[in-house]
Amino acid sequence: MDNISVSTTDVRIERHANQLSRQLKLLRDKLFPPLSQKTLRTFSSGEAAQMIGVSDGYLRQLSLDGKGPQPDLAQNGRRSYTLGQINELRQYMAKLKPKDALSYQPWRRPGEKLQTVAVTNFKGGSAKTTTTLYLAQYLALAGYRVLAIDLDPQASLSSMLGVQPEFDLSEGDTLYGAIRYDEGRKPLKEIVRKTYFDGLDLVPGNLELMEFEHETPRALNDRQRAGELFFRRVGVAIAEVEADYDIVVIDCPPQLGYLTLGAVCAATSLLITIHPQMVDVASMSQFLLMTSDLLSVVRKAGGDLQHDFIKYVVTRHEPFDAPQSQIVALLRSLFSDDVLTATILKSTAIADVGLTKQTLYEIEKGQVRRSTYDRALESVNAANSEVLAGIHKAWGRT
């Protein structure tokens with residue numbers, strides 16, 4: 001018999017992981033040169049005017065008068081703005097017309113509490129991360145100061161926002177660094193990082209987050225070491241940066257662990273994603289039962305479970321699929337207004353741009369078929385606008 005060494009499973013999987021990580025880094029280097037960092041496209045003057053709430057002609061006059069940030073001028077005379085410049089123009093308009101400041105710069109006002117939206121589901125494949133990402137970008141494009149927190153050790157949200165966990169993060173660079181039980185704990189301000197998307201900051205995730213799941217049982221057994229109870233630690237960390245943001249969006253892990261419970265207790269509202277297939281609905285039923293049992297224990301231990309709203313988001317929806325339509329109708333009959341009116345459609349446009357770690361908000365309209373793009377974006381915007389309406393209601397805005 002030939003002397004052939006047989007790799008153990010762990011060694012083999014480690015080799016595969018390293019090979020894939022290196023390939024993903026090469027792909028990033030190719031897609032986002034020269035510094036291998038994601039950048040956001042610029043916006044036409046028409047798009048910028050629509051986002052700010054003024055006419056294109058008004059923006060043109062501002063630039064001619066040398067007021068506000070100056071747009072990039074192409075050879076054909078077309079003007080374009082970065083998202084950062086659009087936000088500068090929002091601030092300029094808010095100061096220029098203080099009575100209408102809220103319509104130009106919608107930051108939360110004194111007395112309006114920080115809104116923390118936890119996006120959760122027990123089962124993978126429900127487009128939880130995609131829903132989180134699109135919501136965070138939608139809010140940032142609307143002019144809000146947004147913090148996205150990746151609590152999923154798989155770190156898909158971080159990857160989509162330009163961070164490759166294996167190469168870009170060191171020890172303590174995730175939320176775990178701010179909620180751990182030992183002396184290595186550090187302020188969340190030191191962990192938050194800017195993204196290429198102006199107004200959207202990120203607390204990235206990676207496999208380090210699993211340490212919290214492992215350490216919490218030991219801390220619960222050691223009362224002196226435990227300090228702040230596990231279900232309060234996420235909220236306490238977020239409170240450290242509360243003054244810097246209007247809205248926090250949390251991508252929860254696809255399991256009901258200590259991190260998810262901490263996120264639910266820190267949240268002011270919950271979004272539960274659901275793919276309208278019977279196996280997913282059955283899984284969600286078990287998820288809700290387990291969540292109810294665990295949260296009742298947390299509540300009795302002093303956890304804050306007062307949420308401004310809880311909404312179910314139908315994702316990857318195929319409206320012409322009869323069985324899916326029946327399931328959506330069932331959900332609406334059971335949960336009525338707790339199900340968002342808009343559903344997020346299953347779309348090749350969303351899937352295709354995701355291959356290059358982009359969203360529909362990031363690409364030029366001509367990159368995918370116009371009708372497909374418009375249909376997909378309309379469904380995403382409709383769902384996100386309902387969530388924003390819930391936030392406005394919590395703030396007492398009409």
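Residues numbered from 1 in each chain as written. Predicted model: local features only at pLDDT ≥ 70, side-chain atom pairs only at ≥ 80, totals over all residues. Heavy atoms only, no water.

The name an unreviewed UniProt entry gives the protein is Plasmid partitioning protein RepA, with Rhizobium indigoferae as the organism.

(A) Spotlight on the nonpolar core. Judged by nonpolar contacts, the single largest core of 62 residues is most densely connected at Leu59, Leu139 and Leu360. Among the elements that take part in this core, helix H17 (residues 370–395) stands out by supplying nine residues, more than any other. When residues are assigned to domains, this core turns out to be shared by domain 1 (41–102) and domain 2 (113–393), each giving three or more. One finds Ile191, Ala267, Ile272 and Val339 within the second-largest nonpolar core, a separate group that totals 49 residues. (Core = buried A, V, L, I, M, F, W, Y, C linked by side-chain atoms within 4.5 Å. Buried < 20%, exposed > 50% of the residue type's maximum accessible area, 1.4 Å probe, protein only. Helix = DSSP H or I, 4+ residues; strand = E, 2+ residues; numbered from the N terminus. Domains from an automatic or database assignment.)

(B) Local environment of the sheet that holds strand S2 (residues 72–73). Read across the sheet, three strands follow the order S1-S3-S2 without closing on themselves; strand pairing throughout is antiparallel. In this open sheet, the two edge strands, each paired with only one partner strand, are strand S1 (43–44) and S2. The sheet contact formed by S2 and strand S3 (residues 79–81) spans two bridges and is antiparallel. The residue of S3 that forms the bridge with Leu73 is Arg79. (Pairing = 2+ DSSP bridges.)

(C) Structural view of the sheet that holds strand S9 (residues 269–274). Strand order in the open sheet formed by seven strands is S6-S7-S5-S8-S4-S9-S10, and the pairing between neighbours is mixed. Strands with a single pairing partner mark the edges of an open sheet, and in this sheet they are strand S6 (193–194) and strand S10 (309–314). With six bridges connecting them, S9 and S10 associate as parallel partners. Each bridged residue has a counterpart across the sheet, and for Thr273 the counterpart in S10 is Val313. Strands strand S4 (115–120), strand S8 (247–251), S9 and S10 of the sheet are contacted by H17, whose axis makes an angle of about 145 degrees with S4. (Contact = heavy atoms within 4.5 Å. Axes fitted to C-alpha atoms, helices over the stretch in contact; angles between N-to-C directions.)

(D) Focus on the side chain of Glu208. Of note, Glu208 is situated in the loop between strand S7 (200–203) and helix H10 (210–221). Buried and unpaired, Glu208 has no salt bridge, with Arg180 as the nearest side chain of opposite charge at 5.2 Å. In this structure the side chain of Glu208 is engaged in a polar contact, spanning 2.6 Å, whose partner is the backbone nitrogen of Gly172. Those residues in contact with Glu208, other than ones at most four positions away along the chain, are Ser170, Glu171, Gly172, Asp173, Thr174, Tyr176 and Gly177. (Lys, Arg positive; Asp, Glu negative; His and termini not counted. Salt bridge = Lys/Arg side-chain N within 4 Å of Asp/Glu carboxyl O. Polar contact = N/O pair within 3.5 Å; in protein donor to acceptor, adjacent residues only side chain to side chain.)

(E) Focus on helix H15 (residues 322–335). Taking 1.5 Å as the rise per residue, H15 with 14 residues should run 20 Å; its terminal C-alpha atoms sit 20 Å apart, in good agreement. Of all the residues in H15, the buried ones are Gln324, Ile327, Val328 and Leu331. With its buried residues spanning 100 degrees around the axis, H15 presents them on a single face. Exposed residues on H15 whose side chains face more than 90 degrees from its buried face are Gln326 and Ser333. For H15, the side-chain oxygen to backbone nitrogen distance between the N-cap and Gln324 is 3.0 Å, and the N-cap itself is Asp321. Positive phi shows up at Ser336, right after H15, with a value of about 45 degrees. (Expected span 1.5 Å × (residues − 1). Arc of directions from axis to C-beta.)

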